Amino acid sequence: WDKIYCELCQTILDEGIEVKNRTGINTVKIPSAHFQLDVDKEFPILTTKQLFIRQAILEMLWIYQAQSNDVRWLQERNVFIWDKWEIDENGDWIDEKTGKVLKHFDPSYAHTIGTAYGFIVKKYHLIDKLIDSLKNDRNDRRRVISLWQDEYLDTAVLPSCVWSSEWDVTDGYLNIWVHQRSCDVPLGLPFNVTQYAVLLKMIAQVTGLKAGKIDWSIKDAHIYVNQIEGIKEQLNRYHNNPDIPAPEFWLNPEIKDFYEFDHSKECKDCKLIDYKHMGKIKFPLAQ
Ligand code: THF
(Lines give C-alpha, C1' and ligand atoms only; values in the text may rest on other atoms or scores of the structure.)
Protein backbone atom coordinates (compact mmCIF):
# COMPACT_ATOMS: atom_id res chain seq x y z
CA TRP A 1 0.00 0.00 0.00
CA ASP A 2 2.92 2.40 0.68
CA LYS A 3 4.10 1.82 -2.90
CA ILE A 4 0.71 2.62 -4.43
CA TYR A 5 0.26 5.56 -2.07
CA CYS A 6 3.70 7.07 -2.70
CA GLU A 7 3.33 6.63 -6.47
CA LEU A 8 0.02 8.49 -6.33
CA CYS A 9 1.66 11.32 -4.36
CA GLN A 10 4.54 11.46 -6.86
CA THR A 11 2.08 11.62 -9.78
CA ILE A 12 0.25 14.51 -8.15
CA LEU A 13 3.52 16.39 -7.60
CA ASP A 14 4.71 15.68 -11.16
CA GLU A 15 1.51 16.16 -13.14
CA GLY A 16 -0.81 18.10 -10.84
CA ILE A 17 -2.15 21.58 -11.53
CA GLU A 18 -2.42 24.21 -8.81
CA VAL A 19 -6.00 25.40 -8.30
CA LYS A 20 -8.05 27.55 -5.92
CA ASN A 21 -10.86 26.03 -3.87
CA ARG A 22 -13.39 26.94 -1.15
CA THR A 23 -10.88 26.59 1.73
CA GLY A 24 -8.61 29.46 0.60
CA ILE A 25 -5.57 27.17 0.54
CA ASN A 26 -4.66 26.09 -2.98
CA THR A 27 -4.28 22.47 -3.92
CA VAL A 28 -2.22 20.65 -6.51
CA LYS A 29 -4.68 18.27 -8.14
CA ILE A 30 -5.06 15.54 -10.71
CA PRO A 31 -8.53 14.79 -12.10
CA SER A 32 -8.80 11.14 -11.02
CA ALA A 33 -7.07 8.05 -9.67
CA HIS A 34 -7.78 4.36 -9.13
CA PHE A 35 -6.04 1.48 -7.35
CA GLN A 36 -6.78 -2.02 -6.09
CA LEU A 37 -5.71 -3.60 -2.79
CA ASP A 38 -5.98 -7.23 -1.71
CA VAL A 39 -6.90 -7.22 1.98
CA ASP A 40 -6.57 -11.02 2.10
CA LYS A 41 -2.85 -10.68 1.26
CA GLU A 42 -1.88 -7.53 3.15
CA PHE A 43 -3.61 -5.25 5.63
CA PRO A 44 -3.45 -1.73 4.14
CA ILE A 45 -1.92 0.68 6.63
CA LEU A 46 0.92 3.05 5.84
CA THR A 47 4.37 2.43 7.30
CA THR A 48 6.01 5.52 5.77
CA LYS A 49 4.16 7.53 8.43
CA GLN A 50 2.35 6.59 11.61
CA LEU A 51 -1.36 6.07 10.96
CA PHE A 52 -3.57 6.62 13.99
CA ILE A 53 -5.75 3.57 13.47
CA ARG A 54 -7.81 3.96 16.65
CA GLN A 55 -9.09 7.30 15.39
CA ALA A 56 -9.67 5.96 11.88
CA ILE A 57 -11.68 2.99 13.18
CA LEU A 58 -13.73 5.15 15.53
CA GLU A 59 -14.59 7.53 12.70
CA MET A 60 -15.78 4.53 10.65
CA LEU A 61 -17.83 3.14 13.58
CA TRP A 62 -19.32 6.60 14.16
CA ILE A 63 -20.62 6.57 10.58
CA TYR A 64 -21.59 2.92 10.05
CA GLN A 65 -22.24 1.45 13.51
CA ALA A 66 -23.41 4.36 15.69
CA GLN A 67 -24.86 5.94 12.49
CA SER A 68 -24.38 9.30 14.13
CA ASN A 69 -23.61 12.80 12.90
CA ASP A 70 -22.94 14.09 16.43
CA VAL A 71 -19.34 15.28 16.77
CA ARG A 72 -19.49 14.82 20.55
CA TRP A 73 -19.58 11.04 20.01
CA LEU A 74 -16.05 11.33 18.59
CA GLN A 75 -14.85 13.91 21.12
CA GLU A 76 -15.93 11.66 24.03
CA ARG A 77 -13.52 9.13 22.58
CA ASN A 78 -10.67 11.64 22.18
CA VAL A 79 -11.11 11.94 18.42
CA PHE A 80 -11.04 15.57 17.32
CA ILE A 81 -10.74 15.28 13.53
CA TRP A 82 -14.27 16.61 12.89
CA ASP A 83 -14.12 19.59 15.27
CA LYS A 84 -13.67 22.13 12.46
CA TRP A 85 -17.03 21.11 10.95
CA GLU A 86 -19.16 21.09 14.11
CA ILE A 87 -22.28 23.30 14.01
CA ASP A 88 -22.43 25.44 17.15
CA GLU A 89 -25.26 26.11 19.65
CA ASN A 90 -26.70 28.86 17.41
CA GLY A 91 -26.72 26.68 14.32
CA ASP A 92 -23.64 28.35 12.88
CA TRP A 93 -20.65 26.81 11.20
CA ILE A 94 -17.79 29.19 11.95
CA ASP A 95 -14.59 29.89 10.04
CA GLU A 96 -11.85 29.05 12.52
CA LYS A 97 -9.51 31.75 11.17
CA THR A 98 -11.82 34.75 10.75
CA GLY A 99 -14.66 33.88 13.16
CA LYS A 100 -17.14 34.52 10.31
CA VAL A 101 -20.25 32.40 9.86
CA LEU A 102 -19.62 30.15 6.85
CA LYS A 103 -23.12 28.70 6.86
CA HIS A 104 -26.20 28.82 9.08
CA PHE A 105 -28.27 25.76 9.96
CA ASP A 106 -31.34 25.09 12.04
CA PRO A 107 -30.13 25.15 15.68
CA SER A 108 -31.53 21.64 16.11
CA TYR A 109 -28.35 20.57 14.26
CA ALA A 110 -26.13 21.92 17.09
CA HIS A 111 -23.03 19.77 17.69
CA THR A 112 -23.52 17.79 14.49
CA ILE A 113 -22.14 17.99 10.94
CA GLY A 114 -25.70 18.14 9.57
CA THR A 115 -27.22 15.57 7.25
CA ALA A 116 -24.16 13.70 5.96
CA TYR A 117 -22.37 10.38 6.61
CA GLY A 118 -23.92 8.60 9.64
CA PHE A 119 -27.17 10.54 9.31
CA ILE A 120 -27.67 9.10 5.80
CA VAL A 121 -26.65 5.57 6.82
CA LYS A 122 -29.29 5.64 9.55
CA LYS A 123 -31.99 7.36 7.50
CA TYR A 124 -31.91 4.69 4.78
CA HIS A 125 -30.98 1.68 7.00
CA LEU A 126 -28.01 1.15 4.73
CA ILE A 127 -26.00 -1.20 6.96
CA ASP A 128 -28.96 -3.41 7.85
CA LYS A 129 -29.88 -3.73 4.16
CA LEU A 130 -26.29 -4.59 3.28
CA ILE A 131 -25.97 -7.28 5.94
CA ASP A 132 -29.39 -8.78 5.12
CA SER A 133 -28.53 -8.97 1.46
CA LEU A 134 -25.16 -10.61 2.16
CA LYS A 135 -26.79 -13.21 4.39
CA ASN A 136 -29.78 -13.93 2.15
CA ASP A 137 -28.58 -13.61 -1.43
CA ARG A 138 -24.87 -14.02 -2.06
CA ASN A 139 -25.33 -13.23 -5.76
CA ASP A 140 -27.20 -9.95 -5.32
CA ARG A 141 -25.81 -7.28 -7.70
CA ARG A 142 -27.64 -4.33 -6.20
CA ARG A 143 -25.57 -3.79 -3.07
CA VAL A 144 -24.90 -0.09 -3.40
CA ILE A 145 -24.41 2.14 -0.39
CA SER A 146 -24.87 5.77 -1.43
CA LEU A 147 -24.30 8.55 1.06
CA TRP A 148 -25.02 11.08 -1.72
CA GLN A 149 -28.74 11.89 -1.36
CA ASP A 150 -29.78 15.07 -3.15
CA GLU A 151 -32.42 16.17 -0.65
CA TYR A 152 -29.85 16.17 2.16
CA LEU A 153 -26.93 18.00 0.52
CA ASP A 154 -27.94 21.55 1.53
CA THR A 155 -28.31 20.69 5.20
CA ALA A 156 -24.86 19.08 5.47
CA VAL A 157 -21.76 21.03 6.51
CA LEU A 158 -19.80 18.94 4.01
CA PRO A 159 -21.46 16.54 1.60
CA SER A 160 -19.82 13.14 2.19
CA CYS A 161 -16.42 12.85 0.48
CA VAL A 162 -16.22 9.07 0.44
CA TRP A 163 -19.77 8.64 -0.75
CA SER A 164 -20.34 5.28 -2.34
CA SER A 165 -19.44 1.65 -1.89
CA GLU A 166 -20.54 -1.38 -3.88
CA TRP A 167 -20.25 -4.86 -2.39
CA ASP A 168 -20.02 -8.20 -4.18
CA VAL A 169 -19.26 -11.79 -3.24
CA THR A 170 -16.95 -13.81 -5.49
CA ASP A 171 -15.79 -17.29 -4.53
CA GLY A 172 -16.35 -16.77 -0.80
CA TYR A 173 -14.66 -13.38 -0.77
CA LEU A 174 -16.39 -10.10 -0.03
CA ASN A 175 -15.05 -7.27 -2.24
CA ILE A 176 -15.83 -3.57 -2.38
CA TRP A 177 -15.50 -0.72 -4.80
CA VAL A 178 -15.31 2.57 -2.93
CA HIS A 179 -15.56 5.99 -4.54
CA GLN A 180 -14.41 9.31 -3.17
CA ARG A 181 -15.49 12.56 -4.88
CA SER A 182 -12.74 14.69 -3.36
CA CYS A 183 -9.58 13.42 -1.71
CA ASP A 184 -7.13 15.12 0.65
CA VAL A 185 -4.39 12.61 -0.14
CA PRO A 186 -2.07 13.38 2.84
CA LEU A 187 -4.74 13.39 5.59
CA GLY A 188 -8.00 11.85 4.37
CA LEU A 189 -6.88 8.97 2.16
CA PRO A 190 -4.66 7.06 4.64
CA PHE A 191 -7.49 7.16 7.21
CA ASN A 192 -10.15 6.23 4.67
CA VAL A 193 -8.37 3.24 3.12
CA THR A 194 -7.49 1.68 6.47
CA GLN A 195 -10.95 2.25 7.92
CA TYR A 196 -12.70 0.70 4.90
CA ALA A 197 -10.37 -2.31 5.15
CA VAL A 198 -11.51 -2.71 8.78
CA LEU A 199 -15.16 -2.27 7.76
CA LEU A 200 -14.69 -4.91 5.05
CA LYS A 201 -13.19 -7.32 7.60
CA MET A 202 -15.98 -6.68 10.09
CA ILE A 203 -18.80 -7.13 7.58
CA ALA A 204 -17.11 -10.23 6.14
CA GLN A 205 -16.78 -11.77 9.61
CA VAL A 206 -20.44 -11.22 10.57
CA THR A 207 -21.69 -12.65 7.26
CA GLY A 208 -19.42 -15.71 7.12
CA LEU A 209 -17.21 -14.45 4.30
CA LYS A 210 -13.52 -13.68 3.81
CA ALA A 211 -12.33 -10.12 3.22
CA GLY A 212 -11.13 -9.80 -0.39
CA LYS A 213 -10.33 -6.85 -2.60
CA ILE A 214 -10.82 -3.13 -2.35
CA ASP A 215 -11.00 -1.08 -5.53
CA TRP A 216 -10.66 2.61 -4.72
CA SER A 217 -11.55 5.35 -7.16
CA ILE A 218 -11.06 9.05 -6.66
CA LYS A 219 -12.29 12.14 -8.45
CA ASP A 220 -10.07 15.16 -7.68
CA ALA A 221 -7.05 13.74 -5.88
CA HIS A 222 -5.16 16.63 -4.31
CA ILE A 223 -2.40 17.78 -2.01
CA TYR A 224 -2.80 21.17 -0.31
CA VAL A 225 0.21 23.38 -1.07
CA ASN A 226 1.04 23.62 2.64
CA GLN A 227 1.30 19.80 2.76
CA ILE A 228 3.87 19.44 -0.04
CA GLU A 229 6.88 19.58 2.25
CA GLY A 230 5.50 16.76 4.43
CA ILE A 231 4.77 14.62 1.37
CA LYS A 232 8.32 15.13 0.08
CA GLU A 233 9.58 13.92 3.48
CA GLN A 234 7.33 10.86 3.20
CA LEU A 235 8.57 10.12 -0.35
CA ASN A 236 12.17 10.35 0.87
CA ARG A 237 11.41 7.88 3.63
CA TYR A 238 9.87 5.53 1.09
CA HIS A 239 12.89 5.68 -1.22
CA ASN A 240 15.31 5.12 1.66
CA ASN A 241 13.41 2.17 3.15
CA PRO A 242 10.66 0.88 0.85
CA ASP A 243 10.22 -2.60 2.32
CA ILE A 244 8.88 -2.37 5.86
CA PRO A 245 6.30 -5.17 6.12
CA ALA A 246 2.69 -4.29 6.90
CA PRO A 247 1.45 -5.41 10.32
CA GLU A 248 -1.20 -8.08 10.90
CA PHE A 249 -4.63 -6.85 11.87
CA TRP A 250 -6.47 -8.82 14.58
CA LEU A 251 -10.25 -8.68 14.79
CA ASN A 252 -11.91 -10.42 17.72
CA PRO A 253 -13.30 -13.61 16.11
CA GLU A 254 -15.97 -14.00 18.82
CA ILE A 255 -18.01 -11.08 17.46
CA LYS A 256 -20.75 -12.17 15.04
CA ASP A 257 -22.98 -9.09 15.16
CA PHE A 258 -21.70 -5.88 13.55
CA TYR A 259 -23.28 -3.74 16.28
CA GLU A 260 -21.33 -5.58 18.98
CA PHE A 261 -17.83 -4.55 17.91
CA ASP A 262 -16.43 -2.47 20.76
CA HIS A 263 -16.92 1.24 20.11
CA SER A 264 -15.41 2.50 23.35
CA LYS A 265 -12.29 4.69 23.33
CA GLU A 266 -10.15 1.56 23.38
CA CYS A 267 -11.67 -0.28 20.39
CA LYS A 268 -10.96 -3.53 22.20
CA ASP A 269 -11.93 -5.84 19.35
CA CYS A 270 -9.30 -4.47 16.96
CA LYS A 271 -5.55 -4.78 17.32
CA LEU A 272 -2.50 -4.19 15.17
CA ILE A 273 0.23 -6.76 15.70
CA ASP A 274 3.78 -5.47 15.42
CA TYR A 275 3.09 -2.17 13.63
CA LYS A 276 6.43 -0.81 12.42
CA HIS A 277 6.32 2.69 10.97
CA MET A 278 8.62 5.64 10.36
CA GLY A 279 6.87 8.04 12.75
CA LYS A 280 4.33 10.83 12.56
CA ILE A 281 4.29 13.50 9.87
CA LYS A 282 2.29 16.57 10.78
CA PHE A 283 0.09 17.83 7.94
CA PRO A 284 -2.04 20.99 8.13
CA LEU A 285 -5.82 20.46 7.81
CA ALA A 286 -7.73 22.91 5.61
CA GLN A 287 -11.20 23.78 6.91
N1 THF B 1 -11.14 18.23 5.14
C2 THF B 1 -9.88 18.18 4.68
N3 THF B 1 -9.29 19.29 4.23
N4 THF B 1 -9.18 17.02 4.67
C5 THF B 1 -9.73 15.87 5.12
O6 THF B 1 -9.06 14.81 5.11
C7 THF B 1 -11.05 15.88 5.59
N8 THF B 1 -11.71 14.76 6.02
C9 THF B 1 -12.63 14.90 7.12
C10 THF B 1 -13.41 16.10 6.88
N11 THF B 1 -12.94 17.13 6.17
C12 THF B 1 -11.72 17.09 5.61
C13 THF B 1 -11.82 14.96 8.40
N14 THF B 1 -10.87 13.88 8.47
C15 THF B 1 -7.15 14.15 10.28
C16 THF B 1 -7.56 12.97 9.68
C17 THF B 1 -8.80 12.88 9.07
C18 THF B 1 -9.64 13.98 9.06
C19 THF B 1 -9.22 15.17 9.65
C20 THF B 1 -7.98 15.24 10.27
C21 THF B 1 -5.83 14.30 10.97
O22 THF B 1 -5.48 15.34 11.45
N23 THF B 1 -5.02 13.24 11.06
C24 THF B 1 -3.71 13.26 11.69
C25 THF B 1 -3.76 12.59 13.03
C26 THF B 1 -4.53 13.35 14.03
C27 THF B 1 -3.72 13.54 15.29
O28 THF B 1 -2.64 14.14 15.21
O29 THF B 1 -4.19 13.07 16.34
C30 THF B 1 -2.75 12.44 10.86
O31 THF B 1 -1.55 12.69 10.98
O32 THF B 1 -3.21 11.57 10.12
C33 THF B 1 -11.81 13.60 5.18
O34 THF B 1 -12.13 12.46 5.84
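Residues numbered from 1 in each chain as written. Predicted model: local features only at pLDDT ≥ 70, side-chain atom pairs only at ≥ 80, totals over all residues. Heavy atoms only, no water.

## Examining the layout of surface pockets
Its volume calculated, the second largest pocket comes out at about 250 Å³. Surrounding the second largest pocket, 15 residues form its lining, Thr23, Asp95, Lys97, Ala286 and Gln287 being those nearest its centre. Split by residue class, the lining of the second largest pocket holds 6 nonpolar, 4 polar and 5 charged. (1 Å grid on protein atoms, 1.4 Å probe; cavity = no way out; pocket = protein on both sides within 12 Å on 5 of 7 lines; lining within 4 Å. Points joined across faces, edges and corners; volume = space filled by probe spheres on them. Nonpolar A, V, L, I, M, F, W, Y, C, P; charged D, E, K, R; others polar.)

## A look at the pattern of salt bridges
Counted by the stated rule, this structure contains 9 salt bridges. Note that Asp220 is salt-bridged to Lys29, the shortest N-O span being 3.3 Å. Here Asp220, found in strand 9 (residues 210-224), pairs with Lys29, found in strand 2 (residues 27-38); they are 191 residues apart in sequence, far enough to count as distant. For Lys29, a relative accessible area of 25% puts it in the partly exposed group. (Salt bridge = Lys/Arg side-chain N within 4 Å of Asp/Glu carboxyl O. Helix = DSSP H or I, 4+ residues; strand = E, 2+ residues; numbered from the N terminus. Buried < 20%, exposed > 50% of the residue type's maximum accessible area, 1.4 Å probe, protein only.)

## Section: helix 2 (residues 53-64)
Taking 1.5 Å of rise per residue, 12 residues should cover 16 Å, and helix 2 covers 16 Å from first to last C-alpha, within 8% of that figure. Residues Ile53, Gln55, Ala56, Ile57, Leu58, Glu59, Met60, Leu61, Trp62, Ile63 and Tyr64 constitute the buried set of helix 2. (Expected span 1.5 Å × (residues − 1).)

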